[in-house]
Amino acid sequence: MSPARLECSRRWRRLSLVLRFGCIAWVFAAPTALGAEKADMNTTESVPLVSSSPNLQLNLEADIKSGRLTRLGWDTEGSGRAGINLLKKPVELRLSKKDQALSPEAHVGTRDTAMIEYRYSVAEGKQLAWEVSVQPDKLRMQVSCNKDISEDVDELELVFPFEPATAVTSIISSTWTADGKFVIPAIINAPDLGQILLTCPSHPKLAGRIEGNRAEKWITVTLELPLPAQGAAIGLEFTPVVLPMPDGFKDEKRWKAARRGWFNLIQQSCGASGGNRDVIGVWANNALSDPVSSVLYMLGDATLLVPELAPGVSMPPILRRAVEYWIDGKTNADGLIAYTARGTAGTDAPVAKDADPADNQNVMDSNPAVLIGAWCYVKASGDTDWLKKRIDRLEFLSQYMEKRDVDGDGLIESKQSGNSGSRPPRDPDCAWDCYVTGHKNAYVNTLAYRAWLGLADLELRLGRGEQERRYRQLAARLKASFHAAFFNPETGWLGRWRSRDGALHDLHSDVPTSFAVNYGVIDPDKGKAILQRYWTALEKRLWCKQHILSAQRALLRRDEPTGRYDSRSHAETPE
């Protein structure tokens, strides 16, 4: 197989992992019923605005009394889901003067089946108009005024209060200001329902805010509109995003099935969880949840596969923002990156018994995941100027990984023992944090292998031959020890980790082998045979759901932390 075809094959194997974790982010963020409406939206007199085309189905309702949109739904994949209301409260146009809200009465002007216009009496003889119209492939909003209103209004905002229990509707933007505002063009992302590109031809760099509260379950997107000049209009356009098919892939039917879940992965924080305002615009589990360092390689793979999401919205700046957050703000003096934005990377200093586990995070996949993300960014963007400024910091992350090869066999060892029953306290060594993994972790080491090869490539781009050879040697030493450390002769596939007491922990999972083959730690032919043995056993013994659950319980209970929730008794059960 040619190098180009091999790289394409590896990327598409990684795609399945990207989609798997993207779907998890949406499922955990949207546990309640879809389309729930609030009481204050049931006491209105509304008219529908509906349109449909192959790429965009729109469903709006406009209140003719209050001048607000009480329903907003769309579907860009033709699945008939436009009837789901994305709103927690109505969309409204807010006017203020010197931070004091104004409440001009709204009157309906022109109205038909595809358009409604609201007129607000701002002052004597002065009117502000807000027009909302639906077209086959576009939602359009326009704000205008008949006279100069600058003496009466100094702030104009268009507010979209979304219901995250329906879908974690959020903003995807390549550009964020220093004070945490996004800049259009931007994508309004309703996971599993569709994506809308927001543009403003008259003001192409319009800014806005995304705010939210995780406990109270709300997300609000606010567009900060300039005051329209007399006789001019500010036009906002909302058009469907149809994700382009990656280079090298030709199956349109399969791609259409894959792209619907693609945006589940791409969520930028609104600062409602760990990290607060410092993480606004940083890639996170979802817009209301934490950024997490140790899965950043997934965003990197998505960037390589589809670098351009829509005109003016590209993935490399989104990836760079995340990489910089972790290496600049969440790396400690030892070179270890924290697991979550809420947490702090651990040190070798003793930890108090009553300390918050988040203040002593010792995951070993964070450093390689961020290094992979940095490599993906440079590969996708070609930004060697950024690389020149950051290479010392990237090498610093590698130094920590190298120090964790405590026995000199080429594999990096986690601080955690990985011995059965060795937790609590909760102290995961990787993103698969529901197990007591530790010591020699196959998953962690596959990431380390890829990270060192990526770092070698970055050194090559800078013409630093000695450093390039060094990182290739680190990867080669890891590969030489990998199979013997993790191969389980009883099953014929790889175990997940080998604990400090020497035991190999095999969860009957495809993860160690699939990652190892994908990244080249195990040669493809050998890996294919291993995976085939795994799938043959799965089909033979675990095809029935009941058998799968029983096998999981038998395998996992010895490696679960003390006090873990037991699904059989619905109670906390000690080991």
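Provided above is the structure to which this section pertains.
Calculation notes
The residue count restarts for each chain, going from 1 along the sequence in the order it is written. pLDDT decides what is reported in this predicted model: residues at 70 or higher carry local features, side-chain atom pairs at 80 or more are listed and counted, and totals for whole chains, interfaces and linings draw on all residues regardless. The side-chain figures draw on all heavy atoms in the structure; neither hydrogens nor water molecules are used. Think of a salt bridge as a Lys or Arg side-chain nitrogen and an Asp or Glu carboxyl oxygen that are within 4 Å of each other. Numbering of helices and strands starts at the N terminus; helices are DSSP runs of H or I of at least 4 residues and strands are runs of E of at least 2. Note on exposure labels: buried denotes an accessible area under 20% of the residue type's maximum, exposed denotes more than 50%, and partly exposed covers the range between, all computed with a 1.4 Å probe on protein chains only. By the criterion applied in these results, polar contacts are pairs of N or O atoms within 3.5 Å in which, for protein atoms, one can donate a hydrogen and the other can accept it, and in which residues neighboring in sequence qualify only through two side-chain atoms. Every residue pair with non-hydrogen atoms within 4.5 Å of one another is taken to be in contact. Note on ring pairs: Phe, Tyr and Trp rings are taken, using the six-membered ring of Trp, and paired if centres are within 6.5 Å. Classes follow the plane angle, with under 30 degrees stacked, over 60 edge-to-face and the rest tilted. What counts as an axis is a line fitted to C-alpha atoms, over the stretch in contact for a helix, and the angles between N-to-C directions run from 0 to 180 degrees. For classification purposes, angles smaller than 35 degrees are called roughly parallel, those larger than 145 roughly antiparallel, those between 65 and 115 roughly perpendicular, and all remaining angles oblique. Left-handed describes a crossing whose near helix is turned anticlockwise from the far helix through less than a right angle; right-handed describes the clockwise counterpart. As a working rule, the residues Ala, Val, Leu, Ile, Met, Phe, Trp, Tyr, Cys and Pro are called nonpolar, Asp, Glu, Lys and Arg charged, and the rest polar, with Gly in that last group. Note: two strands are recorded as paired if DSSP finds a minimum of 2 bridges between them.

(A) Geometry of the pattern of salt bridges. For the coordinates displayed, the defined rule picks out 30 salt bridges. Between Arg81 and Asp192 there is a salt bridge, with the nearest N and O atoms lying 3.0 Å from each other. Of this pair, Arg81 sits in the loop between strand E3 (68–75) and strand E4 (92–97) while Asp192 is found in the loop between strand E12 (182–190) and strand E13 (194–199), placing the two residues 111 residues apart along the sequence. The exposure class assigned to Arg81 is partly exposed, which follows from its relative accessible area of 26%. One salt bridge in this structure joins Asp328 and Arg390, with 2.5 Å as the shortest N-O distance. Within this pair, whereas Asp328 is found in helix H4 (residues 315–329), its partner Arg390 is found in helix H6 (residues 384–403), the two being separated by 62 residues in sequence. Residue classification places Asp328 among the partly exposed positions, given a relative accessible area of 47%. By relative accessible area, which is 17% here, Arg390 ends up buried. Connected via shared salt-bridge partners are Glu157, Lys181, Arg209, Glu211 and Glu224.

(B) Inspection of the side chain of Ser366 at higher detail. Relative to the helices and strands, Ser366 resides in helix H5 (residues 366–381). Within polar-contact distance, the side chain of Ser366 engages the backbone oxygen of Ile337 at 3.1 Å. Of the polar contacts made by the side chain of Ser366, one reaches the side chain of Asn367; its length is 3.4 Å. Discounting residues that sit within four places of it in the chain, Ser366 has contacts with Ser293, Ser294, Leu336, Ile337 and Ala338.

(C) How the structure looks around the packing of aromatic side chains. As enumerated under the stated definition, the model contains 14 aromatic pairs in all. When the ring of Trp432 is compared with that of Tyr443, the centres are 5.9 Å apart and the planes differ by 80°; the resulting orientation is edge-to-face. Here Trp432, found in the loop between H6 and strand E19 (440–441), pairs with Tyr443, found in helix H7 (residues 442–461); they are eleven residues apart in sequence, far enough to count as distant. Here Trp432 and Tyr443 have matching classes, each one buried.

(D) Representation of the packing of H7 against helix H8 (residues 465–486) in the model. Packing of H7 against H8 brings their axes to within 8 Å, and their N-to-C directions diverge by 160°. In this view, H7 runs roughly antiparallel relative to H8, as classed from their interaxial angle. Between H7 and H8 the crossing geometry is left-handed. In contact with Ala442, Asn445, Thr446, Ala448, Tyr449, Trp452, Leu453, Leu455, Ala456, Asp457, Glu459 and Leu460 of H7, H8 contributes Gln467, Glu468, Tyr471, Arg472, Leu474, Ala475, Leu478, Lys479, Phe482 and Phe486. The residue makeup of the contact of H7 with H8, split by class, is 14 nonpolar, three polar and five charged.

(E) The pairing of E12, seen in detail. Most of E12 sits out of view: nine of its nine residues are buried. By the alternation rule, side chains of E12 split into Phe182, Ile184, Ala186, Ile188 and Ala190 and Val183, Pro185, Ile187 and Asn189, which are all buried. Where strand E11 (residues 170–176) meets E12, six bridges bridge the pair, whose relative direction is antiparallel. Each bridged residue has a counterpart across the sheet, and for Ile172 the counterpart in E12 is Ile187. In textbook terms, the turn of a hairpin is the stretch between consecutive antiparallel strands, and for E11 and E12 this stretch comprises five residues, one of which, Gly180, has a positive phi near 85°. In the sheet, E12 pairs with strand E14 (residues 207–213) via two bridges, with the strands oriented antiparallel. Note that in E14 the partner of Phe182 across the bridge is Gly208. Looking at chain direction, E12 and E13 are connected through five bridges and run antiparallel. Pairing of Asn189 across the sheet is with Gln195, part of E13.

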